[in-house]
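# Structural features, examined
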Amino acid sequence: MWNQLIIFPFTNTLLLLYGWLGNSFVLSLILLTLLIRLLLIPLTAKQQKSQAKMQAMQPEIKRVQEKYKGEPERMQKELKKIGYNPASMLGGCLPMLIQFPILIGMYRSILRAIPAAPLQMVDLYQAAYPSWFPDFHKMIPVNRRFLWMDLSQPDRLYLPFYPNVGIPILPVLVYLTTVLQQKMMTPPTADPTDQSAQMQRSMMTMMPLMFAFFALQFSSGLSIYFITANIATIAQYMFLNRERLEWNNVKMPGGLRLRLPTIAAAPVTSKVSPKLSTAGTPANPTPAAEKKISRRKAKRLRARKAKGGSRKR
Amino acid sequence: MRIGLKSRYVFTLLGMLLPLLSTCGGTLPATSWPNATLVADTLMVSNNTAVYALSPDNGTLRWQFPREGDRIASQLYTAPVQYKNWALLGSDNKHAFAVNIETGQEEWRFDASGNRAGTAPAAASASATMLFFTADNTLHALRPSTGVPAWTFQAEEELWAAPAADSERVYLPGMDHRLTALDIDSGSQLWQQELDGALADTPTLSEGTLYLGALAKHAYAIDAATGRKKWRVDAAGWVWGSPAVAGDKAYFADLDGNVYAVDAETGRAHWQSPPLDSAVRGSPAFDNDTVFVATDGGFLYALDATNGNRRWGFQVDGNNADRLLADPIAADGLVYITAMAGENLVLAYQQESGQLAWRFQPEG
C-alpha cells in the first residue's frame, strides 16, 4: 500500500525526470521537489497567508490580551472582532502533517532509485513501471554522483590534503535554510515570557537542528530535498505576501543580525473595542505596505491608460 | 550584518563541533542477503558481518568469524571463496580477509579503503596463482602467499561481482556493461566486450566459454580466449545470476520468475518453465538431473532438468522464510539455501523429496 501509493510513484517519477534531464539525478530530485511544492500550493498558500496575517496582528492581539486579562469571554469576543482565528491556524497545520509521509517517501524513493547495493537493485527492478521504461536496462547504473557527492550516502566533502575528515556541507546548508525560513515566517512574539512564545522558541531551535541531524545521518539526496523545499517555501512566502514585506533586522542564532524581508507588524492603536485597529491585516495594510500598494495601483492604472490609448489610435 | 560577542562564541563552538560531527557516520550501513559456499566438507555462510562454518551433513557450527565479541563492523556481500586452506572474504569497508578453513583464524587482511566515498559491494575470488578483490571501481590482484598487491585495474563504473579466472586470464564483469579480460600476471587488458546491461554476477567459466547474465533481458555465452559473442538469448526479465552449466545445457533464471534451459554451445532453447511465484535473483543449482531455484518470495523449487516440469516446490521454513536471494547449493543428496528473512539462516532439504534435513540459526 505504502509502496504503491508513495514510494513507487516517486521512484518512477525521479527516474523519468532523470532520463529527461540528461541523466542528472540531482536535477531530477530538485525538479520533483518543486513539483511536489507546486501540488501543495493550495494547502501551503492558505497556511502561509494565515501565518502572515497572524504575524501582522501580533501587537494588536497582545494589546487585547492585556486589556481584557481578567475577562476571558470578552477577550475572545474582541479577538474575534479583529479577525483572530486560531482554528484557521489549525487548518494551517495540515500541510505540515502531509509533509511527513512525503519526506519518508522521498527518502525511501531516493535510496531505491539510486541503488548503491545489490539488494536495492532487486527492489528497484520491482518498483520500476515497465511501461514507463521500455529500455530500463540502459539507465543502469543510475548516476548517483554530483560534484563531490554520492547522493545515496550522507554528505561529506573530503579535501585532498586532509582526507580523514569529511566536511558536512549539505547538513550545514540544511540548517541555515531552515533557520532562514523560520525566521522569515514565524511571527515575533510581544511577550517573551509567554508559554506559547517559549514553546515557539524551543521549536525554532530544535527543528533546524533536527533536520540538520537527519541530513548528517541520511543520504545527501534527502539534504538536496530539504534545501530545495526550504528555498521554494521562502520564495512562495515572499511572493504571496509581497505587498506586506518589509526589510527588518532579524536576530539569528548566535546573536547574528541579518536584514531579511519579514511581514510588517501593525502599529498598536490606543483604542481597542469597538474601534479596534485592524492595521496590518489585508484590509488595512500598514503605512509602509500602503505605499507599496498605491505605487502598484498607480502603475497598473498607467498601464491600463496606455493600453486604452493605443487601442484608440 | 553585525557579529556580536555571543555570535563569536557560537561560531567558535560550531567550528569545533563540525569536525567532530564530520567524523561520525559518513556512509550508510548496507544490507545484503546471506550467501553460502560449499568447500570440501564445510558449508561456509556469510551473513551481515560474520561467517559461519557448518557441517554440511547436520548443520553443526564448527567456527564463526569473527569470534563472538570481536567485530569486523562491516557487511560481507559475497559468499566466501576458497583458496587452498583459506576462505577469502570481502567486506563493504573495503577489506579482504583470508580465514583458515579449519580453524576460523584470520590469516591476513588487506585494506583498500583509500576511496572513502565509494559504497560498492566488495567481492573476492581466486585462481591458482592470484587472489582477486574488488572495491569500488578497482580490481586488486594480490599475491596469495602474502596478500601483497601485484597489480590493479580501474573500471569506469563500480564492480559488484568478483571476476572469474583461469590460468591465463581474469574475466571482470562491470556495472559499466563491459566484460573485460586481463592478463593474469600483468593485469594488461586483452579484450573487452560491451553487453546490453550492467554485469552484477561472476561469470560461469566452462570449457573455454564464459556464461553470464546481465541486468538486461539477456543471457550470453562469450568465448574466453577472444571475447567473441557465441550467443545471446532473450529472457522476459533481467538475468542477474550467471547460468549454471551441466553437460550440454545451460540453465538460468530471470527476475520475472522464469527458468530457462538452453543448449550451451548454440543457445538454442530447450525449455522454459511456467513463471514461478516471484523473482529469481540467483543462479540455479544443478544436481541429479534436477534444477533447483529459489525465489524472492521464499519458495524453493526442484525442476526436472530434461523438460522443466516441477518435481516439488514450497515456501521454505514452514512458510516463515522470505527473500531467498542467494544461489542455492546442491550436493550429496541435499540442497542448501540461505534465507534473508525468517526464523532460520540456513536450511537443508533432501533433493529427492524436499523433506527438511536440518536448519541453522546463529545464537543471538
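Within every chain, residues take consecutive numbers counted from 1 along the sequence as written. For this description, chains carry letters from A and ligands carry numbers from 1, given in the order in which they are written. In view of the model being predicted, local features appear only for residues whose pLDDT reaches at least 70, and side-chain atom pairs are presented and counted only at 80 or more, with totals across whole chains, interfaces and linings using the full set of residues.

Only DSSP runs of H or I reaching four residues or more are called helices, and only runs of E reaching two or more are called strands; each is numbered from the N terminus. Broken down by element type, chain B carries two helices and 32 strands. Comment: burial labels come from other C-beta atoms within 10 Å of the residue's own C-beta, placed from the backbone, where a count of 20 or more is buried, 12 or fewer is exposed, and between is partly exposed. Going through the 364 residues of chain B one by one, you find that 49% of them count as buried.

Moving on, we get to the overall build of chain A. Helix and strand counts for chain A stand at 11 helices and six strands. Scored against the burial criterion, the 313 residues of chain A give a buried share of 34%.

Connectivity within a nonpolar core runs through C-beta atoms within 7 Å, and the core itself is a set of buried Ala, Val, Leu, Ile, Met, Phe, Trp, Tyr and Cys residues. With 157 residues, the main nonpolar core has L88, A124, F132 and V293 of chain B as its most contacted residues. Counting residues per element, this core draws most heavily on helix α10 (residues 220-240) of chain A, which supplies seven residues. Of the residues that make up this core, three or more belong to each of domain 1 (36-194) and domain 2 (276-364) of chain B. By definition, residues are in contact whenever their C-beta atoms, placed on the basis of the backbone, come within 7 Å of each other. Ignoring any residue separated from it by four or fewer positions in sequence, one finds V293 of chain B in contact with A253, V259, L276, V280, P284, Y301, L303 and P328 of chain B. Core analysis: the second largest hydrophobic core is formed by seven residues, M54, A56, V64 and I82 of chain A among them. Residue ranges for the domains originate in an automatic or database domain assignment.

Our next topic: the packing of helix α8 (residues 169-185) of chain A against α10 of chain A. Residue and element names in this part refer to chain A. Simply put, an axis is a line fit to the C-alpha atoms, just over the touching stretch for a helix, and the angle between two N-to-C directions goes from 0 to 180 degrees. For the pair α8 and α10, interaxial distance at closest approach is 9 Å and the crossing angle is 25 degrees. Here α8 is positioned roughly parallel relative to α10, judged by the angle of their axes. The two elements α8 and α10 cross, and the hand of that crossing is left-handed. Listed contacts from α10 to L170, P171, L173, V174, T177, T178, L180, Q181, M184 and M185 of α8 are S220, S223, F226, I227, N230, I231, T233, I234 and Y237. Charged means Asp, Glu, Lys or Arg here, nonpolar means Ala, Val, Leu, Ile, Met, Phe, Trp, Tyr, Cys or Pro, and polar covers whatever is left, Gly included. Of the residues that constitute the contact of α8 with α10, the class distribution is 12 nonpolar, seven polar and no charged. Between 65 and 115 degrees an angle is taken as roughly perpendicular, under 35 as roughly parallel, over 145 as roughly antiparallel, and anywhere else as oblique. By convention, the crossing between two helices is left-handed when the near helix turns anticlockwise from the far helix through less than a right angle, and right-handed when the turn is clockwise.

All names here are of chain B. Taken as a whole, chain B is organised into domain 1 (36-194) and domain 2 (276-364). Summarising the inter-unit geometry, the C-alpha centres of domain 1 and domain 2 are found 25 Å apart. Broken down by element, the residue count for the side of domain 1 that touches domain 2 peaks at three residues, all from strand β2 (residues 42-47).

We now examine the sheet that holds strand β11 (residues 138-142) of chain B. Pairing between the strands of a sheet is mediated by backbone hydrogen bonds and can be parallel or antiparallel. Residue and element names in this part refer to chain B. Only strands that DSSP links by at least two bridges are regarded as paired with each other. What the four strands build is an open sheet, ordered β9-β10-β11-β12; its pairing is antiparallel. On the outer flanks of this sheet lie β9 (123-126) and β12 (149-154), each paired with one strand and no other. For this sheet, the mean angle separating the axes of adjacent strands, direction not counted, is 20 degrees. Here five bridges tie strand β10 (residues 131-135) to β11, and the two strands are oriented antiparallel to one another.

Take the pairing of strand β18 (residues 209-213) of chain B next. Residues and elements named next belong to chain B. Counting buried residues along β18, five of its five residues qualify, which places the element largely inside the surrounding structure. What you see with β18 is no split at all: T209, Y211 and G213 on one side and L210 and L212 on the other are buried throughout. Across three bridges, strand β17 (residues 204-206) lies against β18 in antiparallel orientation. Across the sheet, T204 pairs through a bridge with Y211, a residue of β18. Sheet topology places β18 next to strand β19 (residues 218-223); five bridges connect them, and they run antiparallel. When the bridges of β19 are listed, G213 appears paired with A219.

Turning next to the environment of Y220 of chain B. All names here are of chain B. One can find Y220 in strand β19. The class for Y220 is buried, based on 27 C-beta atoms found within 10 Å. In the structure, Y220 is positioned 75 residues away from T295 in sequence and 22 Å away in space, judged by C-alpha atoms. Those residues in contact with Y220 that sit more than four places away from it in its chain are L195, L212, A214, K229 and R232.

Okay, the sheet that holds strand β25 (residues 285-287) of chain B next. All names here are of chain B. Taking strand neighbours across the sheet as the criterion, the four strands line up as β25-β26-β27-β28 in an open arrangement whose pairing is antiparallel. On the outer flanks of this sheet lie β25 and β28 (310-315), each paired with one strand and no other. Here the strands of the sheet are splayed against their neighbours by 15 degrees on average, with no regard to which way each runs. Sheet topology note: the strand β26 (residues 290-294)/strand β27 (residues 299-304) ladder contains five bridges and is antiparallel. Across the sheet, the residue bridging to T290 is D304, located in β27.

Time to look at the packing of helix α2 (residues 25-39) of chain A against α10 of chain A. Residues and elements named next belong to chain A. Look at α2 against α10: their axes get within 9 Å of each other, and the N-to-C directions meet at 45 degrees. Considering their axes alone, α2 and α10 lie oblique with respect to each other. Where α2 crosses over α10, the two elements pack in a sense that is right-handed. Here α2 contributes V26, L29, I30, T33, L34 and R37 to the contact with α10, which in turn contributes G221, I224, Y225, T228, A229 and A232. Looking at the contact of α2 with α10 residue by residue, the classes come out as eight nonpolar, three polar and one charged.

Quick look at the confidence of the model for chain A now. Caution applies to low-pLDDT parts of the model: their predicted coordinates are not meant to be read in detail. pLDDT gives the predictor's per-residue confidence on a scale running from 0 to 100. Scored by pLDDT, chain A comes out at a mean of 77, with 77% of its residues at no less than 70. Confidence over residues 270-286 of chain A falls short of pLDDT 50; this stretch has 37 contacts with residues more than four positions distant or in other chains.

Across the junction of I140 of chain A and P141 of chain A, the peptide omega takes the value 0 degrees, indicating a cis bond. Following the sequence through the fold, P141 of chain A ends up in the loop between α7 (118-127) and β1 (145-146). Even without being a glycine, N288 of chain B presents a positive backbone phi close to 50 degrees. For N288 of chain B, the position within the fold is in the loop between β25 and β26. According to the C-beta neighbour criterion, N288 of chain B is partly exposed, with 13 such atoms within 10 Å.

Moving on, we get to the confidence of the model for chain B. Across chain B, the average pLDDT comes to 87, with 87% of residues at 70 or higher. The ipTM value of the predicted complex is 0.86, and its pTM value is 0.79.

Walk down a regular strand and you will see the side chains alternate between the two sheet faces. Residues and elements named next belong to chain B. Here three bridges tie strand β23 (residues 259-263) to strand β24 (residues 269-272), and the two strands are oriented antiparallel to one another. When the bridges of β24 are listed, A261 appears paired with W271. Here β23 folds back onto β24 in antiparallel fashion, the turn holding five residues, of which G267 has a positive phi close to 85 degrees.

All names here are of chain A. Within the element layout of this structure, P42 appears in helix α3 (residues 41-67). Residue class for P42 comes out exposed when judged on the 9 C-beta atoms lying within 10 Å of it. When the C-alpha atoms of P42 and L32 are compared, they prove to be 17 Å apart, with 10 residues separating the residues in sequence.

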